[in-house]
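Spelled out from the first residue to the last, the chains are:
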Amino acid sequence: MNIWMKICIALGLGLKRNGHIFFGLLAGIVVGIFLHAHENPIVTQILVVIGQLFIRLIQMVVIPLVISAIIIGITSIGDNKQLGKYGTKMILYYALITVAAVGIGAFLALTFKPGANAIQYVNISSAVEIQHQVAHAIEAQQGHLTGLFLSFIPKNPLESIAKGEMIPIIVFGLIFALALAKIGEMNRPIVSFFESVFAATMKVTDWIMALAAPGVFALTATAVSSFGMEIFNSISSYLLVLLMGFAIQFFIVYPVFLKIFSRVPVMMLFAAMAESMMVAFGTASSSATLPLTISCCERAGISHKITNFVLPLGATLNMDGTALLQTVAVIFLAQMYGIALTPIIVIQICLLAMVASSTSAGIPGAGLITIALILNGLGLTPEQLVAGFALLYALEKVTDMFRTILNVTSDAIVAAAIADNENEINYDLLNNPQEFKEII
Ligand code: ASP
């Protein structure tokens, strides 16, 4: 049986194991399409409330989880040498996966030229409201690359925690955890405290997952009902190129990556991650999905040490799906406005997409806005920028749901590869589900 067939079967089995969530997702798509055709504000309102309830509940545990996970992860790795090794490997693997994503995005966008005839669809006078929103967001991003990097160092960690700013929280968590690791036995009271916080937040996550099926249902239905279906026809080639890119990254790059760098059977990992992938699709937020990603990876046999260190950082910094989208989107806009795409410009776009994606927060829509960082040097007028963005915006929700699946899955791929390299994976657990063994 070839590997793709095995992956599809494993995914199918993973979905079956979480059949209630999968059912919620499918029902959400159907109800969303229905609501798009027959508006019903009351039903939509109820769905929005259910969806938000689910998202808010998981967001509630993210910050205590991230801080405690990083502290436990780093202090349990302990010595500097090992930490350096894990850290270097993590950065290298995340970078490699993102290089593949931007490479695929650039190749597909340059080959299929989705922006070539799109200019006819830019109607400067339409979608004024969206254009206003976009204009504000772009303005906030432009020319602020240095300021952006400085803002990663929190002046006041408690303020960052209160505002939910993930990167500054992680920077503080990392430095604090390194210091705890350095002071040895004296760190016991604080580490035990965070061990309890971690265990309790994972327990709360379990409880919240009881709401996963209605939550994913409601989120998917509201997202699908708000899609601008009309735009599908106009820039459908953009959407197709993106979906093709996502599929190549998911079905080819991830398996090849695991094959080269580890002995982890990709189908087992995908099957274990199915629950997390569905929640990523519904919430379009890798941060909100993090608690579940950690629990799926741990159930797949990856040790605490690795999940706690690699996954919170990945959920914030590793955004290969976002980088792929940004590369395609910028090339799309350049093609649409007839800007010459020299090899140097394409390389620049790819490199900037790697930076911009990792500065995007793991929340819905963040990746589209940070594109402004890449567009700075492309010479578009503010009007062109805003009109182009408004066009991409119409497909934002659907692409966000798909790219978040990649952002989350690649975190697990990297965690599994490092766990394998460092003998931190329990293969009995990973290969355990009898039903998989029998079929594959
Ligand atoms: N929604 C994405 C995530 O949370 C980020 C983005 O691309 O907007 O991973």
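The rules behind each value
- Residues numbered from 1 in each chain as written.
- Predicted model: local features only at pLDDT ≥ 70, side-chain atom pairs only at ≥ 80, totals over all residues.
- Heavy atoms only, no water.
- Near = heavy atom within 4 Å.
- Polar contact = N/O pair within 3.5 Å; in protein donor to acceptor, adjacent residues only side chain to side chain.
- Helix = DSSP H or I, 4+ residues; strand = E, 2+ residues; numbered from the N terminus.
- Salt bridge = Lys/Arg side-chain N within 4 Å of Asp/Glu carboxyl O.
- Axes fitted to C-alpha atoms, helices over the stretch in contact; angles between N-to-C directions.
- Parallel < 35°, antiparallel > 145°, perpendicular 65-115°, else oblique.
- Left-handed = near helix turned anticlockwise from the far one by under 90°.
- Nonpolar A, V, L, I, M, F, W, Y, C, P; charged D, E, K, R; others polar.
- Patch = residues over 30% accessible without salt bridge, like charges linked within 9 Å, V, L, I, M, F, W, Y side chains within 5 Å.
- Areas by Shrake-Rupley, 256 points an atom, 1.4 Å probe, with all protein chains shown as cover.
- Buried < 20%, exposed > 50% of the residue type's maximum accessible area, 1.4 Å probe, protein only.
- Expected span 1.5 Å × (residues − 1).
- Contact = heavy atoms within 4.5 Å.
- Core = buried A, V, L, I, M, F, W, Y, C linked by side-chain atoms within 4.5 Å.

Draft legend 1. Focus on the site of the ligand. Around the ligand, the structure places 16 residues, and the nearest of them are Ser 286, Thr 322, Gly 367, Asp 400 and Arg 403. Within the side chain of Ser 286, a nitrogen or oxygen atom sits 2.4 Å from an oxygen atom of the ligand. In the environment of the ligand, an oxygen atom lies 2.6 Å from a nitrogen or oxygen atom belonging to the side chain of Arg 403. Among the secondary structure elements, those contributing two or more residues to the shell around the ligand are helix 18 (366–369) and helix 21 (396–421).

Draft legend 2. Examining the pattern of salt bridges more closely. All chains considered together, the criterion is met by 10 salt bridges. Here Arg 299 makes a salt bridge to Glu 275, at a shortest N to O gap of 3.1 Å. Taken as a pair, Arg 299 in helix 14 (residues 286–299) and Glu 275 in helix 13 (residues 266–283) lie far apart in primary sequence, 24 residues in all. Across the pair Lys 305 and Glu 424 runs a salt bridge, and its minimum N-O distance is 3.5 Å. Of this pair, Lys 305 sits in helix 15 (residues 304–317) while Glu 424 sits in the loop between helix 21 and helix 22 (427–430); the two residues are 119 residues apart in sequence, bridging distant segments of the chain. Among the ionic contacts, a cluster of salt bridges with common partners joins Lys 85, Lys 89 and Glu 422.

Draft legend 3. Quick peek at the packing of helix 3 (residues 41–77) against helix 9 (residues 188–208). Put simply, helix 3 and helix 9 touch, their axes get as near as 8 Å, and they point 150 degrees apart. The pairing of helix 3 with helix 9 is recorded here as roughly antiparallel in orientation. Here the hand of the crossing between helix 3 and helix 9 comes out left-handed. Of the residues assigned to the contact of helix 3 with helix 9, the class counts are 18 nonpolar, 4 polar and 1 charged.

Draft legend 4. Just a nonpolar patch on the surface, in detail. On the surface, Ile 3, Trp 4, Ile 252, Val 256 and Ile 260 cluster together into a nonpolar patch covering about 450 Å² of accessible area. Take Ile 3: it is sitting in helix 1 (residues 3–17). Among the residues examined, Ile 3 registers a relative accessible area of 34% and is labelled partly exposed.

Draft legend 5. Structural context of helix 21. In a regular helix each residue adds 1.5 Å, so 26 residues correspond to 38 Å; helix 21 covers 37 Å between its end C-alpha atoms and thus fits that length. Counting buried positions over the 26 residues of helix 21 gives 23, a clear majority of the element. Phi turns positive, to about 55 degrees, at Asn 423, one or two residues after helix 21.

Draft legend 6. Fine view of the environment of Ile 345. Mapped onto the fold, Ile 345 is located in helix 17 (residues 343–359). Relative accessible area serves as the criterion here: at 23%, Ile 345 is assigned to the partly exposed category. With 32 residues separating them in the primary sequence, Ile 345 and Gly 377 have C-alpha atoms 9.3 Å apart. If sequence neighbours within four positions are ignored, Ile 345 has contacts with Ala 340 and Leu 378.

Draft legend 7. Looking closely at the nonpolar core. Tyr 238, Phe 270, Val 310, Phe 332 and Leu 375 are the most contacted members of the largest nonpolar core, which has 135 residues in total. In terms of residue count, the dominant contributor to this core is helix 3 (15 residues). Not counting residues up to four positions away in its chain, the partners in contact with Phe 270 are Ile 7, Leu 11, Phe 250, Tyr 254, Met 277, Thr 409 and Ile 413.

Draft legend 8. Just the packing of helix 14 against helix 21, in detail. One can describe the packing of helix 14 onto helix 21 by two numbers: an axis separation of 10 Å at closest approach and a directional angle of 35 degrees. Crossing hand, helix 14 versus helix 21: right-handed. The residues of helix 21 that touch helix 14, namely those facing Ser 286, Thr 289, Thr 293 and Cys 297, are Thr 404, Asn 407, Val 408 and Ala 412. Residues that form the contact of helix 14 with helix 21 fall into these classes: 3 nonpolar, 5 polar and no charged.

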